[in-house]
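This is what each chain is made of:
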Amino acid sequence: MGEVTPIATPLTETEVSAQLEELGVDAPRVGILMGSKSDMEKMQRAAAELEERGILHELRVMSAHREPDVVAEYAKAAQMRGLRVIIAGAGVSAALPGAVAAHTELPVIGVPLSSRLSAAGGLDAILSIVQMPPGVPVACVGLDNARNAAILAAQIIGA
Ligand code: RP5
């Protein structure tokens, strides 16, 4: 007869969150992503809002189309790194928020962005973000409204 190894009781989501909170006091709670450096000026408004509210965050540039593996890796690791919400801004065929949502259970807030390449004044990005398939939701704020995404993120995490 071999030894019987006790099976650990699975932790609830709340317990996991509490442990993550304890683990990384300085860990960012909100990830702010964007598809291109050219989106930075607009997406920094989300960072400014979170800064003002004292919510730790990080800014990253990664493209769903140009670097799909980087996006998938970031999204898969996000929860374990202590992130609670991801804000993702992109223009034109704005796949970034949806690509992130495909790889994480964290809430994802999409920011449709207008750019020099926009069709229909940015409606292309709005539809790309809003029209997610059933079962893979992405919240969507107004065109270029990264600040609203940050306010919504703060409300979601209750900060
Ligand atoms: C999107 O294409 C980006 O999010 C950006 O809004 C737009 C233009 O990107 P760049 O050509 O400036 O890199 O992927």
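Predicted model only: the values in this text are computed from it and were never measured.

What counts and what doesn't
- Residues numbered from 1 in each chain as written.
- Predicted model: local features only at pLDDT ≥ 70, side-chain atom pairs only at ≥ 80, totals over all residues.
- Heavy atoms only, no water.
- Salt bridge = Lys/Arg side-chain N within 4 Å of Asp/Glu carboxyl O.
- Buried < 20%, exposed > 50% of the residue type's maximum accessible area, 1.4 Å probe, protein only.
- Helix = DSSP H or I, 4+ residues; strand = E, 2+ residues; numbered from the N terminus.
- Right-handed = clockwise from strand over helix to strand, strands pointing away.
- Pairing = 2+ DSSP bridges.
- Lys, Arg positive; Asp, Glu negative; His and termini not counted.
- Contact = heavy atoms within 4.5 Å.
- Expected span 1.5 Å × (residues − 1).
- Arc of directions from axis to C-beta.
- 1 Å grid on protein atoms, 1.4 Å probe; cavity = no way out; pocket = protein on both sides within 12 Å on 5 of 7 lines; lining within 4 Å.
- Points joined across faces, edges and corners; volume = space filled by probe spheres on them.
- Nonpolar A, V, L, I, M, F, W, Y, C, P; charged D, E, K, R; others polar.

(A) Quick look at the pattern of salt bridges. Per the stated rule, a full pass over the model turns up five salt bridges. For E58, the salt bridge is made with R60, and the minimal N-O distance between the two is 3.2 Å. For E58, a relative accessible area of 8% puts it in the buried group. For R60, a relative accessible area of 34% gives the class partly exposed. A salt bridge links E58 to R81; the nearest nitrogen and oxygen atoms lie 2.8 Å apart. Separated by 23 residues along the polypeptide, E58 in strand β2 (residues 57-61) and R81 in the loop between α3 (68-78) and β3 (85-91) bring together distant segments of the chain. Given a relative accessible area of 34%, R81 falls into the partly exposed group. Via salt bridges that share partners, E49, R53 and R147 belong to a single interconnected network.

(B) Examining the pairing of strand β4 (residues 108-113) more closely. Where burial is concerned, most of β4 is hidden: six out of the six residues are buried. Covered by surrounding structure in β4 are V108, G110 and P112 together with I109, V111 and L113, the residues of both alternating faces. The β-α-β motif built from β3, the intervening helix α4 (residues 96-101) and the parallel element β4 has right-handed crossover chirality. Here two bridges tie β4 to strand β5 (residues 139-140), and the two strands are oriented parallel to one another. Paired with I109 across the two strands is A139, which belongs to β5.

(C) Representation of the side chain of D124 within the structure. Structurally, D124 can be placed in helix α5 (residues 123-130). Buried and unpaired, D124 has K42 as its nearest opposite-charge partner, separated by 11 Å. Not counting chain neighbours up to four residues away, the residues in contact with D124 comprise V92, L117, S118 and A119.

(D) Focus on helix α2 (residues 40-52). Under the 1.5 Å per step criterion, the end-to-end length of α2 is 18 Å for 13 residues, consistent within 8% with the ideal 18 Å. Within α2, burial applies to M43, A46, A47, E49 and L50. For α2, the buried positions fall inside an angular range of 160° around the axis, keeping them on one side. In α2, the exposed residues that point more than 90 degrees away from the buried face are E41, E51 and E52. Residues of α2 that are buried in the fold lie against β1 (30-34), β2, β3, β4 and α6 (146-157). G54 occupies a position one or two residues after α2 and carries a positive phi of about 70°.

(E) Just the layout of surface pockets, in detail. The volume enclosed by the largest pocket comes to roughly 310 Å³. Lining the largest pocket are 18 residues, with G35, S36, R66, G91 and V92 sitting closest to its centre. Residue composition of the lining of the largest pocket, grouped by class: seven nonpolar, eight polar and three charged.

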